[in-house]
Amino acid sequence: MPKNKYQLTLWTFLERPNSSLYSQIFAFFALIVVIISVVIMCLETVVESQTRSSTYEDQIHIEERNIIFFILEFFCNLVFSVEFCLRLIASPNKVQFLKNFLNFIDIIAVVPFWTVLIINNHNFLSLLNLNEEIEFKKRQNNQYSLSVLRILRLTRVLRVFKLSRHIQILNVMGKILYECLYEIILLLTFLAINIVIFSSLIYYIELDTLGEKSPFISIPHSFWWAIISFTTIGYGDLIPQSTVGKVFGSCFIVCGILIALLPVPILSCKFEKIYKECSYENRKNSED
């Protein structure tokens, strides 16, 4: 914990939401901003899909909505940047703070936005000038908002991880995945082995039964069928046609269900253990 009085107050305010009413309000506000950012990211794809088949008049309205999205995105990034700076100032160990996964996500999600904004500040100001006449052809070649949003799309997806800072159950799930890393790797290895074996078997069964009419072109092509069958999804786009192949496929699906159920008891026990530990830590922090 920080030794400086003011730094300790700021650290408690940011890192312990249950310490005061103002801390709870700030944590709730930060959570709402994260949700708004994720919602904006999803809604922008709807606008972009409308842009592909829009008229001249529709294009003007769409670009105006892009400006609104950009302003909201600007506000969200401003909040994220201020929050990150305050956390960095309040942190007693700056190196350890920067090594934290969530803080690393904060940097990745914020820095590209400000970098592109500074480089293209002239385009940004011209985009916000709504009093001038909008020329469709020029705007088509200079849609700054869309270009920025496309560049930031990948980094903004990572902001979903910021929810784990405010929602305890997500933090618990992350710890469970880390604690069960060995079991997950073991399950994926066993899954890969079974996919190769059953894909090879279904390929040769269908090839011997149907010949060139077999829907399974090759063993790698059969991997897709094995994966969706093993996970019991079964899209139906690639299925066995012969009777022997259908019987074999049914057996493979049953095996997939049994194998998928193997790690459930382990995950359940570790979930209960880690959830109790996190609940105890939260209660202890609240009392302190």
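Structure first, text after, so check above.
Since the model is a prediction, treat every value here as computed from it, not as a measurement. (Residues numbered from 1 in each chain as written. Predicted model: local features only at pLDDT ≥ 70, side-chain atom pairs only at ≥ 80, totals over all residues. Heavy atoms only, no water.)

Participant: Residues and numbers for the packing of aromatic side chains, please.
Facilitator: The tally for this structure, following the rule as stated, stands at 11 aromatic pairs. Between the aromatic rings of F13 and F26, the centroid separation amounts to 5.3 Å while the plane-to-plane angle is 45 degrees, which identifies the pairing as tilted. One end of the pair, F13, is in helix α1 (residues 5-15); the other, F26, is in helix α2 (residues 21-51), and 13 residues separate them in sequence. Relative to F75, the ring of F29 has its centre 6.5 Å away and its plane inclined at 75 degrees; by these criteria the two rings are edge-to-face. One end of the pair, F29, is in helix α2; the other, F75, is in helix α3 (residues 56-90), with 46 residues separating them in the sequence. Among the aromatic side chains, those forming a connected cluster through ring pairs are F198, F216, W225, F230, F248 and F252. (Phe/Tyr/Trp six-rings, centres within 6.5 Å; stacked < 30°, edge-to-face > 60°. Helix = DSSP H or I, 4+ residues; strand = E, 2+ residues; numbered from the N terminus.)

Participant: Give a description of the side chain of N77 that names residues and reports values.
Facilitator: Mapped onto the elements, N77 comes out in helix α3. When its relative accessible area of 0% is taken as the criterion, N77 is described as buried. A distance of 2.8 Å separates a polar side-chain atom of N77 from the backbone oxygen of E73. For N77, the residues in contact, after removing those within four places along its chain, are A109, V110, F113, W114 and R159. (Buried < 20%, exposed > 50% of the residue type's maximum accessible area, 1.4 Å probe, protein only. Polar contact = N/O pair within 3.5 Å; in protein donor to acceptor, adjacent residues only side chain to side chain. Contact = heavy atoms within 4.5 Å.)

Participant: With reference to specific residues and values, describe a nonpolar patch on the surface.
Facilitator: Nonpolar side chains collect at one region of the surface, where F28, I32, I35, I36, V39, L43 and V46 lie side by side and expose about 560 Å² of accessible area between them. Mapped onto the fold, I35 is located in helix α2. For I35, a relative accessible area of 39% puts it in the partly exposed group. (Patch = residues over 30% accessible without salt bridge, like charges linked within 9 Å, V, L, I, M, F, W, Y side chains within 5 Å. Areas by Shrake-Rupley, 256 points an atom, 1.4 Å probe, with all protein chains shown as cover. Salt bridge = Lys/Arg side-chain N within 4 Å of Asp/Glu carboxyl O.)

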